[in-house]
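# Close look at the chain arrangement
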Amino acid sequence: MSRVFNKKIISFVISVLIGLLIWNLTPPEGVTVQAIHMFAIFMFTVIGVILRPLPIGTVAFLGLTLTAATKTLTFEEAFSGFVHPIVWLIVIAFFISRGFIKTGLGERIAYFIIKLLGKSTLGMAYGMILTDLVLAPAIPSITARVGGIIYPIVNSLSKAFGSEPYSHPRRLGAFLIKTSFQGSVIIGGMFLTSMAGNPLVADIAKTVGVNITWGTWALAASVPGLICLGIVPLFLYKFYPPEVKETPDARSFANTKLKEMGRIRIQEWIMIFSFILLLTLWVLGPYIKMGAVIAALIGLSILLLTSVLTWDDVIKEKGAWNTLMWFATLIMMAGFLNQLGLTTWFSNYVQTHVQGLYWFTAFVILALVYFYSHYFFASVVAHIGSMYSPFLLLCVAMGTPPMIAALALGFFSNLYGGLTHYGCGPAPIFFGSGYVKITEWWKFGLFISLINIIIYFTIGSAWWSFLGHF
């Protein structure tokens, strides 16, 4: 007890000291004192989230309080993250997930998947990835697709085998959660329409004379993407294995459970209707000018009006409210780091250190810096908006073929979402399930990022050369 308490004190002191150290730094030329102070509070919060001397929500609340109390930002600016659409889309996804669980529909779908692919845990993981891959071209919101559709099924599958977040997480749940999530960031980069930021990438690429069509993107991503989707689950199966590997009786078990559940009940039909409506609105969203979060609000309202979910269910969904606190805070901080010019300064700083290098060497260095700078971002789209353009222009200026630079940085703009538990929309949803410890999340996020990068730089480069992009 004393050792744990001392560890928490040390962790908190480390967070504070690093924050104070950065706070008192002399700003480099082109960077304001306000930007340095914002970065100091951001690092205090992120390190506190990693070391966890206090609950994540408490650390985020402290960071939020410091931001306003030190007048680094105004009260309105400090709390601006709480009106960000992506934050509420994530929160609502938690509530919709609760509907799948409460009605039993998630369990029914889980047993049906077990019936089809339930011979092994690895088969289940590939089944979830395949489902995501099929849905991806039509649903541009990775948060809506993965957080609202894939996550509830994964959660139900885990619980069906007695794997709870705080009771036997490694039996099945931790492996499925981590595999499905890492698969989602790979799939996000496989189609121009599978992640909301991809069209922005294509639009920015036009500034260097590169026209990326839907087919160009999909064809270039197909080979390295499919290889990553094949290897990553195997890697996790080897180094982060589930306790339950073979399930020879799973099909008969699933059949028995489905018979016990009987016919689909009215609450499940309502859940199915809401699910299909959500899916339709998410697909048609860009054409009918409806944001993903508005569609999610409509779906949640239907569940509340029909009493599939009650307001007590919403209030008791602690994971959703906890996520709202820390993710809204981080996305606010990351956004203001960009607005205050710190990321622009960082981009310019990198530029001065790669001039004179051979283009491929410079490209690799720039791509890696662009990739791993995502540790400082809580939004994929924010990262693209602030850093994709300068890095693309710099790569092209150094001699990188424009199409290669545009596509590779575009693919990386999805893959880096797997680094942290706050780096993209689905991350806080899957992490919020409680199955995977934060240290394991970051560790395997780093390992898998290296696997993905190596595959894209080697097999991907050979494939792009074959396609004539070099």
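What you see is a predicted model; the values in this text were computed from it and never measured.

About the thresholds
Residues numbered from 1 in each chain as written. Predicted model: local features only at pLDDT ≥ 70, side-chain atom pairs only at ≥ 80, totals over all residues. Heavy atoms only, no water. Helix = DSSP H or I, 4+ residues; strand = E, 2+ residues; numbered from the N terminus. Rg over C-alpha atoms; globule rule 2.2 N^0.38 Å. Buried < 20%, exposed > 50% of the residue type's maximum accessible area, 1.4 Å probe, protein only. Contact = heavy atoms within 4.5 Å. Areas by Shrake-Rupley, 256 points an atom, 1.4 Å probe, with all protein chains shown as cover. Lys, Arg positive; Asp, Glu negative; His and termini not counted. Charge placed at Lys NZ, Arg CZ, Asp CG, Glu CD. Core = buried A, V, L, I, M, F, W, Y, C linked by side-chain atoms within 4.5 Å. Domains from an automatic or database assignment. Salt bridge = Lys/Arg side-chain N within 4 Å of Asp/Glu carboxyl O. Expected span 1.5 Å × (residues − 1). Bend = angle between axes of the 7 residues up to and from the residue. Polar contact = N/O pair within 3.5 Å; in protein donor to acceptor, adjacent residues only side chain to side chain. 1 Å grid on protein atoms, 1.4 Å probe; cavity = no way out; pocket = protein on both sides within 12 Å on 5 of 7 lines; lining within 4 Å. Points joined across faces, edges and corners; volume = space filled by probe spheres on them. Nonpolar A, V, L, I, M, F, W, Y, C, P; charged D, E, K, R; others polar. Phe/Tyr/Trp six-rings, centres within 6.5 Å; stacked < 30°, edge-to-face > 60°. Lys NZ or Arg CZ within 6 Å of the ring centre and 35° of its normal. Axes fitted to C-alpha atoms, helices over the stretch in contact; angles between N-to-C directions. Parallel < 35°, antiparallel > 145°, perpendicular 65-115°, else oblique. Left-handed = near helix turned anticlockwise from the far one by under 90°.

With that settled, consider the overall build of the chain. A count of helices and strands for the chain gives 22 helices and zero strands. In summary, the chain has a C-alpha radius of gyration of 22 Å against a globular reference of 23 Å for 470 residues, a match within 12%. Expressed as a percentage of its 470 residues, the buried residues of the chain come to 56%. Nonlocal contacts in the chain, meaning residues at least 24 apart in sequence, comprise 78% of its contacts between residues at least 6 apart. Surface exposure of the chain reaches about 19,500 Å², of which carbon and sulfur atoms provide 69%. Taking the 28 positively charged and 16 negatively charged side chains of the chain as two groups, their mean positions are separated by 6 Å.

Counting residues in each nonpolar core, the largest one holds 167 residues, and the members touching the most others are Ile212, Tyr370, Ile384, Tyr388 and Phe412. If you tally residues by element for this core, the top one is helix α16 (residues 318–339), at 13 residues. Among the domains, domain 1 (1–82) and domain 2 (85–194 + 221–318) are the pair contributing at least three residues each to this core. Excluding residues that lie within four positions of it along the chain, Tyr388 makes contacts with Val201, Ile204, Ala205, Tyr370, His383, Ala406, Leu409, Gly410 and Ser413.

Glancing now at the pattern of salt bridges. A side chain with one charge can pair with a side chain of the opposite charge if their charged atoms come near. Tallying each qualifying case throughout the model produces seven salt bridges. Between Glu317 and Arg98 there is a salt bridge whose closest N-O contact spans 2.9 Å. Taken together, the residues Glu317 in the loop between α15 (311–316) and α16 and Arg98 in helix α5 (residues 85–103) connect sequence positions 219 residues apart. The partner of Lys257 in a salt bridge is Glu260, and the shortest N-O contact between them spans 3.9 Å. Residue Lys257 and its partner Glu260 are both found in helix α12 (residues 250–261); the two are separated by three residues, about one turn of the helix. By relative accessible area, which is 28% here, Lys257 ends up partly exposed.

Mapped onto the elements, Ser449 comes out in helix α22 (residues 438–466). Residue Ser449 is classed as buried on the basis of its relative accessible area, which comes to 3%. Those residues in contact with Ser449 that lie beyond four places of it in its chain are Phe371, Tyr372 and Leu419.

Counted at 1.5 Å a residue, the expected span for helix α19 (residues 380–397) with its 18 residues is 26 Å, and the 24 Å between its end C-alpha atoms agrees. The principal kink in α19, of about 45°, is found at Met387, preceding the proline Pro390 by one to four residues. Among the residues of α19, those classed as buried are Val380, His383, Ile384, Ser386, Met387, Tyr388, Phe391, Leu392, Leu394 and Cys395. One or two residues past the end of α19 sits Gly399, with phi positive at roughly 110°.

Because each turn of an α-helix spans 3.6 residues, side chains separated by three or four positions end up pointing in the same direction. Between the first and last C-alpha of helix α11 (residues 214–239) there are 36 Å, a value that for 26 residues agrees with the 38 Å anticipated at 1.5 Å per step. Along its length, α11 shows its largest kink, about 45°, at Ser222, and proline Pro224 lies within four residues downstream of that point.

This part takes up the environment of Arg170. Within the secondary structure, Arg170 is located in the loop between α8 (142–160) and α9 (173–188). Between the C-alpha atom of Arg170 and that of Pro28, which follows or precedes it by 142 residues, the distance is 47 Å. Among the polar contacts made by the side chain of Arg170, one reaches the main-chain carbonyl oxygen of Pro241 at a distance of 3.2 Å.

Glancing now at empty space enclosed by the protein. Summed over all chains, the structure comprises two cavities of 30 Å³ or more. In this structure, the largest cavity spans a volume of roughly 40 Å³. Forming the boundary of the largest cavity are Leu89, Ile92, Ala93, Ile96, Thr143, Ala144, Gly147, Gly148, Trp282 and Ala296. For the second largest cavity, the full set of lining residues is Phe12, Ser15, Phe44, Gly48, Pro53, Leu54, Val59 and Leu62. For the lining of the second largest cavity, the secondary structure elements donating two or more residues are α1 (2–23), α2 (33–51) and α3 (56–69). Taken together, the residues of the lining of the second largest cavity sort by class into six nonpolar, two polar and no charged.

For the structure on display, the rule yields 38 aromatic pairs. Their ring planes at 45° and their centres at 6.0 Å tell us that Phe181 and Phe430 sit as a pair that is tilted. Residue Phe181 is located in helix α9, and its partner Phe430 is located in helix α21 (residues 426–431); the two are separated by 249 residues in the primary sequence. Of the residues examined, Phe181 reaches a relative accessible area of 0% and is grouped as buried. Between the NZ or CZ atom of Arg170 and the centre of the ring of Tyr240, over which it lies, the distance is 4.1 Å.

Within the secondary structure, Gln182 sits in helix α9. Residues within four places of Gln182 in sequence aside, it is in contact with Val232, Gly418, Gly445 and Ile448.

Following the sequence through the fold, Ala220 ends up in helix α11. In sequence terms Ala220 and Leu467 are 247 residues apart; their C-alpha atoms lie 7.8 Å from each other. Ignoring anything within four residues of it in the chain, the contact list for Ala220 reads Leu407, Phe411, Trp463, Trp464 and Leu467.

The next thing to look at is the packing of α11 against helix α20 (residues 402–415). Between α11 and α20, the shortest axis-to-axis distance is 11 Å and the interhelical angle comes to 70°. Taken together, the axes of α11 and α20 lie roughly perpendicular to each other. Taken together, the residues of α20 that come into contact with α11 (itself represented by Thr216, Trp217, Ala220 and Ala221) are Met403, Leu407, Gly410, Phe411 and Asn414. When its residues are assigned to classes, the contact of α11 with α20 shows six nonpolar, three polar and no charged.

Glancing now at the packing of α5 against α8. α8 packs onto α5 with a crossing angle of 30° between their chain directions and a minimal axis gap of 9 Å. With respect to their mutual orientation, α5 and α8 come out roughly parallel. Two packed elements cross with a definite hand, and for α5 against α8 that hand is right-handed. Of the residues in α8, those in contact with Ile86, Leu89, Ile90, Ala93, Ile96, Ser97, Phe100 and Ile101 of α5 are Thr143, Ala144, Gly147, Gly148, Tyr151, Pro152, Asn155 and Ser156. For the contact of α5 with α8, the class distribution of residues is ten nonpolar, six polar and no charged.

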